[in-house]
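Close look at the chain arrangement
Spelled out from the first residue to the last, the chains are:
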Amino acid sequence: MPPRRPIRRKRIQSNDGSMARWCLALVCLWPLLVILFWGRSSPSNPSSNQLLSNSSSEQNVAQVHNPGFQIRKYLDRVDVMGYGPTHPRVAVVIVGNNSDDVLASVESVFRNTAMERIFLIIAVMDGLELDASMRNSLLKKLKKMDEGSVPHWHGLKSMKSADDEDDEEEEPHGKKTHVLFSSEAQGAAASRNDASEFIALLEKKHEEAGLKSPEEELIIVFLKSGAELNDKNWLKPITSALIVPTPLLHKNYFTNKEIPV
């Protein structure tokens, strides 16, 4: 019998490696694709024709072609910073003529509001004559609150204060508190009007510096001196009542209910 020829078997090359690379690329790129899809489909993203029809067309067109502006806009949409158009910050106005009552109200805001959602707390001392030492004492107490002396929290982190031993992980605090002094009593309405003008001025400065998106509309809260917040979730129902959030996968962020397309 003639010898048998050896059977040559074809080597089947495995595609597992290439499939793994494709899966890795898909996992890395899908968030960018989702962001681009939202940007294209969002009615708030103006087209070039609409921008040219505005009175400030040159400035708007420059913003559209500015990559930094577009990146900041997308970051605000997904609330990476913890605040933005769907999670606007709050500006609290406190009017009174008693330093202790004002300090108690300010402290309650810090205790019951996430730090990233506080734009500022402005106290108007209406009709209270304070000498230099009393003013400095009030400002020092407010500065300590700014530095974290009052128990507070950031985002999903637990309550903290400057007195905690593990303060190495404590995030730095910007200046949140401001005081307007008026030796003559002008009333709550006039005092709140002065505070609102100050808020508008500071808001404009933040937008010019790129620290605030123009699409973020601040929530202004007026507190009577001595009034205190006692619920850490007080801002959530207010936000859901005033702000229409961006749909995420056709669901309302606050109620988690389906949104008709």
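Reading guide: rules and limits
Residues numbered from 1 in each chain as written. Predicted model: local features only at pLDDT ≥ 70, side-chain atom pairs only at ≥ 80, totals over all residues. Heavy atoms only, no water. Axes fitted to C-alpha atoms, helices over the stretch in contact; angles between N-to-C directions. Helix = DSSP H or I, 4+ residues; strand = E, 2+ residues; numbered from the N terminus. Parallel < 35°, antiparallel > 145°, perpendicular 65-115°, else oblique. Contact = heavy atoms within 4.5 Å. Nonpolar A, V, L, I, M, F, W, Y, C, P; charged D, E, K, R; others polar. Polar contact = N/O pair within 3.5 Å; in protein donor to acceptor, adjacent residues only side chain to side chain. Core = buried A, V, L, I, M, F, W, Y, C linked by side-chain atoms within 4.5 Å. Buried < 20%, exposed > 50% of the residue type's maximum accessible area, 1.4 Å probe, protein only. Pairing = 2+ DSSP bridges.

1. Remarks on the packing of helix H5 (residues 99-112) against helix H6 (residues 132-146)
Where H5 meets H6, the closest approach of the two axes is 11 Å, and the angle between their N-to-C directions is 10°. Compared by their axis directions, H5 and H6 come out roughly parallel. The residues of H6 that touch H5, namely those facing Ser99, Leu103, Val106, Glu107 and Phe110, are Leu138, Lys141, Leu142, Met145 and Asp146. Of the residues that constitute the contact of H5 with H6, the class distribution is six nonpolar, one polar and three charged.

2. So, the side chain of Ser182
Along the polypeptide, Ser182 turns up in strand E3 (residues 177-182). Within the structure, the side chain of Ser182 is placed 2.7 Å from the backbone oxygen of Glu184, a separation counted as a polar contact. Apart from residues no more than four positions distant in its own chain, Ser182 is found in contact with Met125, Asp126, Gly127 and Leu128.

3. Examining the nonpolar core
Grouped together as the largest cluster of nonpolar side chains are 26 residues, with contacts concentrated most on Val106, Phe110 and Ile121. For this core, the secondary-structure elements that each account for two or more residues are strand E1 (90-96), H5, strand E2 (118-126), H6 and strand E4 (219-224). Ranked by residues supplied to this core, first place goes to H5 with five residues. Not counting chain neighbours up to four residues away, the residues in contact with Val106 comprise Ile94, Ile121, Leu142, Met145 and Thr177. Of all hydrophobic cores here, the second largest spans eleven residues; its members include Val93, Leu120, Ile122 and Val124.

4. As for the environment of Asn233
Of note, Asn233 is situated in the loop between E4 and helix H8 (235-242). Separated by 120 residues in the primary sequence, Asn233 and Thr113 place their C-alpha atoms 7.8 Å from one another.

5. Overview of the sheet that holds E1
Spatial strand order, E3-E2-E1-E4: four strands in an open sheet with parallel pairing. Each edge of the open sheet carries a strand with a single partner, namely E3 and E4. Strand after strand, the sheet turns through a mean of 20° between neighbouring axes, direction not considered. Pairing between E1 and E4: six bridges, direction parallel. Residue Val90 lies in a different strand from E4, and its bridge partner there is Ile219. Packing against the sheet, H6 makes contact with E2 and E3, and its axis sits at approximately 160° to E3.

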